[in-house]
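The lines below spell out each chain.
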Amino acid sequence: MRKFLIILAIAICGFCNAQTANVLSVPTVKSILETFCLNCYSSCFEGKVYIPQSIIIKSVGVDPNNGGTSVNGIHSYQGQYIPFVGRKTHNDVQFKATIFKKQDGYHVIFHKYIERDLMHRSEAWETGKGLIK
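Being a predicted model, the structure only gives us computed values, none of them experimental. (Residues numbered from 1 in each chain as written. Predicted model: local features only at pLDDT ≥ 70, side-chain atom pairs only at ≥ 80, totals over all residues. Heavy atoms only, no water.)

Caption draft 1: Seen up close, the overall build of the chain. Tallying secondary structure elements over the chain gives two helices and six strands in all. When the elements of the chain are put in sequence order from the N terminus, they spell out α-α-β-β-β-β-β-β. A buried classification covers 34% of the 133 residues belonging to the chain. The contacts of the chain with a sequence gap of at least 6 include a subset with a gap of at least 24, amounting to 51%. Carbon and sulfur atoms make up 56% of the accessible area of the chain, which totals about 8400 Å². (Helix = DSSP H or I, 4+ residues; strand = E, 2+ residues; numbered from the N terminus. Buried < 20%, exposed > 50% of the residue type's maximum accessible area, 1.4 Å probe, protein only. Contact = heavy atoms within 4.5 Å. Areas by Shrake-Rupley, 256 points an atom, 1.4 Å probe, with all protein chains shown as cover.)

Encoded structure:
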């Protein structure tokens, strides 16, 4: 019985370490997401402009569904330009992202919350995808 418990403990620790090995470090995640937002935000989220250096990471872990690095946090952006009004700044807006490390770079799936403004009467989520090399 004792051998069984030792083997079980080793197996569980090995599984935990394997999952932890898939998680990217917080500085790496922040760098990847900052690059994604600077390069892809406006094309993924039509008419919206990312405010540089506004990403704040709240949590990083392994996505249990696909093994990628799962990230939750907040960021800021400016909404669509409206003539005679300009752009509304949206601060501390929630986002969820998944990052996959592949041979050609980092694949990012970025879900951001849409706050109400003159162009969007309801709140919802929208998704953008991009490759960071």
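After presenting the structure, the write-up continues.
Caption draft 2: Seen up close, the packing of aromatic side chains. Tallied over the full model, the rule gives eight aromatic pairs. Seen in terms of ring centroids, tyrosine 41 and tyrosine 50 are 5.8 Å apart; in terms of plane orientation they differ by 45°. Their pairing is tilted. Tyrosine 50 shares its class with tyrosine 41; the two are buried. Summarising the aromatic geometry, the rings of phenylalanine 95 and phenylalanine 110 are spaced 5.0 Å apart at their centres and angled 15° between planes, so their arrangement reads as stacked. (Phe/Tyr/Trp six-rings, centres within 6.5 Å; stacked < 30°, edge-to-face > 60°.)

Caption draft 3: Broad picture of the pairing of strand S4 (residues 89-102). Direction of pairing for strand S3 (residues 69-78) relative to S4: antiparallel, over a ladder of nine bridges. Bridge pairing in S4 links asparagine 72 to lysine 96. Linkage of S4 to strand S5 (residues 105-114), two consecutive antiparallel strands, is achieved through a turn of two residues. (Pairing = 2+ DSSP bridges.)

Caption draft 4: The arrangement of the pairing of strand S2 (residues 56-62) in detail. With six bridges connecting them, S2 and S3 associate as antiparallel partners. Directly across from glycine 61, in S3, lies its bridge partner serine 70.

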